[in-house]
Structure formats: structure tokens, C-alpha cells
Amino acid sequence: AQSVTQLGSHVSVSEGALVLLRCNYSSSVPPYLFWYVQYPNQGLQLLLKYTSAATLVKGINGFEAEFKKSETSFHLTKPSAHMSDAAEYFCALGNQGGKLIFGQGTELSVKP
Amino acid sequence: DTEVTQTPKHLVMGMTNKKSLKCEQHMGHRAMYWYKQKAKKPPELMFVYSYEKLSINESVPSRFSPECPNSSLLNLHLHALQPEDSALYLCASSQESSGVKNIQYFGAGTRLSVL
């Protein structure tokens, strides 16, 4: 069975600090992985996607994620947090049926 | 342009009302989705339409009735809802409905309150 686990339902960082949001997956087939961001009272916006090309994926707003097959991970990072990064972040795994399997989400808070 | 437009943004309805949610995309996508999202939870898939035909119904109660009038439009008809149906309803679209490379683009959602 396929699954996604996001470690930490809430992460708090100071403005300018490194952001690290963790995502681990389980899949018996080569995975296609996504990170979405959801700002308050909005829908989900695609940050970046991994589709088996480069293992280091760059996304919008300065975010990037590295696919590590040996660790079954796809962690999201940003070198320097900004107040506007405060949001809910979802890691998702695409399955053969076209469905998205979401993690439980991580709420990112940024302190001034 | 990767825009999915949902109307209305907010909806308040009584348990005996009938209302509809609307979703529109002009990206030429052939798959459209309805999700339900409760606060602090990931979206839960409700329905998938592929080439205007219902392809997935995730055992959703019949008080929710989807409709796909054409390839650009998706409606969700609501009738006799319960207070526990209050949630954010998200629409999404993608080029196709199958294949792991499918990228789903989401609308801003309709915030539904059932009184």
C-alpha cells in the first residue's frame, strides 16, 4: 500500500532561519511526489514536483526538495524563512489511478 | 494559466436547502475532482470525472450529487446536508485522470456552513 508520512504537525522557525519540513513515503512502484502549500482560507498551490528526473527539485518561492530513494524521503527546505511562508504544507504521492495520497500536513509558523 | 475558479467563495445553508457549488477551468484538462477538507486535515477525495464521465465516487452520501455539463464545468449539487458536512470544498483539474505524473491544480474552494 502507498502512504505518506509528514513528521511534525507543527513547525516553528524564526524569520531568516532554515525551513525543513519532513516527508517520508511508502510505495512499491517508482513514486511521483508533490509538495503543496495552503495559505489560510485558500486552496492548494503546487510548490514543486518530483517525476524521476533530477533528484533535487526547485520550486516556487525559493523552496526546494531532495528525493532520496534510500531513505524514502522527499523533505522540503528553504534557506531563509519569510513571514509570508506561514501556511499549511502537504506532501502528496501520486498513484497509478491518478489519485493523490496526502500526508497529514505540517503547519509552518514564522516568528519575527 | 493554471486557474481553477470556484463559486461561491462562501455559502451558508440550512439542512433543508438545495444549493450548488460551481467549478470552472479553461486549461483543456479532461479530469476534474471534488474534495472535502476539514480544518487542519488534508483534502479527502469525493468524486473524479474523466472526459465528462464519473469515474470515481468515494462512497459519498447521495445528498452530494456531482454533475459535469461539459469539459470545462463541474458542479456539486447539495441537498439535505447535515451540520457535519460543513467544510471547505475544493475543486481540482488535471490533464488526465490516470497516471502518476498527473498534476492536479486546485481552486480556492467554497467554505460551506450548514446550520
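Described in the following lines is the structure provided in the data block. (Residues numbered from 1 in each chain as written. Chains lettered and ligands numbered in written order. Predicted model: local features only at pLDDT ≥ 70, side-chain atom pairs only at ≥ 80, totals over all residues. Heavy atoms only, no water.)

## Some remarks on unusual backbone geometry
Residues and elements named next belong to chain B.
Part 1 of the argument: Residue Thr7 is joined to Pro8 through a cis peptide bond whose omega torsion reads -10 degrees.
Part 2 of the argument: As for its placement among the helices and strands, Pro8 is situated in the loop between strand E1 (4-7) and strand E2 (10-13).
Part 3 of the argument: If you check the backbone angles, Lys40 has positive phi at about 65 degrees while not being a glycine.
Part 4 of the argument: Relative to the elements of secondary structure, Lys40 occurs in the loop between strand E4 (31-37) and strand E5 (44-50).
Part 5 of the argument: Phi at Glu52 is positive, roughly 70 degrees, even though this residue is not glycine.
Part 6 of the argument: Along the chain, the position of Glu52 falls in the loop between E5 and strand E6 (53-57). (Helix = DSSP H or I, 4+ residues; strand = E, 2+ residues; numbered from the N terminus.)

## As for the environment of Lys58(A)
Residue and element names in this part refer to chain A.
Part 1 of the argument: Along the chain, Lys58 turns up in strand E6 (residues 56-58).
Part 2 of the argument: On the basis of relative accessible area, Lys58 is assigned to the exposed category, the value being 63%.
Part 3 of the argument: Note: C-alpha distance between Lys58 and Thr77 (19 residues apart in sequence) is 9.8 Å.
Part 4 of the argument: Aside from chain neighbours lying at most four places away, what touches Lys58 is Leu48, Phe63 and Glu64.
Part 5 of the argument: Here Glu64 takes part through its side chain, which lies 2.8 Å from a polar atom of the side chain of Lys58. (Buried < 20%, exposed > 50% of the residue type's maximum accessible area, 1.4 Å probe, protein only. Contact = heavy atoms within 4.5 Å. Polar contact = N/O pair within 3.5 Å; in protein donor to acceptor, adjacent residues only side chain to side chain.)

## Overview of the interface of chain B and chain A
Part 1 of the argument: Taken residue by residue, the interface counts 24 residues in chain B and 23 residues in chain A.
Part 2 of the argument: Here chain B packs against chain A, burying approximately 1900 Å² in sum over the two surfaces, 58% of which is carbon and sulfur.
Part 3 of the argument: There are 2 salt bridges connecting chain B and chain A.
Part 4 of the argument: Its salt-bridge partner being Lys40(B), residue Glu107(A) comes within 3.3 Å of it at the nearest N-O pair.
Part 5 of the argument: The interface formed by chain B and chain A contains 5 residue pairs in polar contact (both at pLDDT 80 or more). (Buried area = accessible area lost by both parts, 1.4 Å probe. Salt bridge = Lys/Arg side-chain N within 4 Å of Asp/Glu carboxyl O.)

## Things to note about the side chain of Asp85(B)
All names here are of chain B.
Part 1 of the argument: Relative to the elements of secondary structure, Asp85 occurs in the loop between strand E8 (73-79) and strand E9 (87-94).
Part 2 of the argument: With a relative accessible area of 2%, Asp85 lands in the buried category.
Part 3 of the argument: A polar atom in the side chain of Asp85 sits 2.7 Å from the side chain of Arg63.

## What to know about the state of the cysteines
Part 1 of the argument: Following the criterion strictly, the structure yields 2 disulfides over all chains and no others.
Part 2 of the argument: A sulfur-sulfur separation of 2.0 Å characterises the disulfide bridge that pairs Cys23(A) with Cys91(A). An S-S torsion of about -65 degrees defines the bridge between Cys23(A) and Cys91(A) as left-handed. On the criterion of sequence distance, the pair formed by Cys23(A) in strand E3 (residues 19-26) and Cys91(A) in strand E9 (residues 87-94) is long-range, its members being 68 residues apart.
Part 3 of the argument: Classification of Cys91(A) by relative accessible area gives buried; the value is 0%.
Part 4 of the argument: Two residues, Cys23(B) and Cys91(B), share a disulfide whose sulfurs are 1.9 Å apart. Around the S-S axis, the bridge from Cys23(B) to Cys91(B) shows a dihedral of about -70 degrees and counts as left-handed. Of this pair, Cys23(B) sits in strand E3 (residues 18-25) while Cys91(B) sits in strand E9, and the two are 68 residues apart along the sequence.
Part 5 of the argument: The class of Cys23(B) is buried, set by a relative accessible area of 0%.
Part 6 of the argument: No disulfide involves Cys68(B); its sulfur sits 9.3 Å from that of Cys23(B), the nearest cysteine. (Disulfide = S-S within 2.5 Å.)

## Some remarks on the pattern of salt bridges
Part 1 of the argument: On inspection of all chains with the given rule, the structure shows 6 salt bridges over all chains.
Part 2 of the argument: As a salt-bridge pair, Glu58(B) and Lys99(A) come within 2.4 Å of each other at their nearest N and O atoms. Separated into two different chains, Glu58(B) in the loop between E6 and strand E7 (64-70) and Lys99(A) in the loop between E9 and strand E10 (100-102) make up a pair that spans both.
Part 3 of the argument: Given the relative accessible area of 27%, Lys99(A) is considered partly exposed.
Part 4 of the argument: Put simply, Asp85(B) and Arg63(B) hold a salt bridge, and the shortest N to O gap is 2.7 Å. With Asp85(B) in the loop between E8 and E9 and Arg63(B) in the loop between E6 and E7, this pair connects stretches of sequence that are 22 residues apart.

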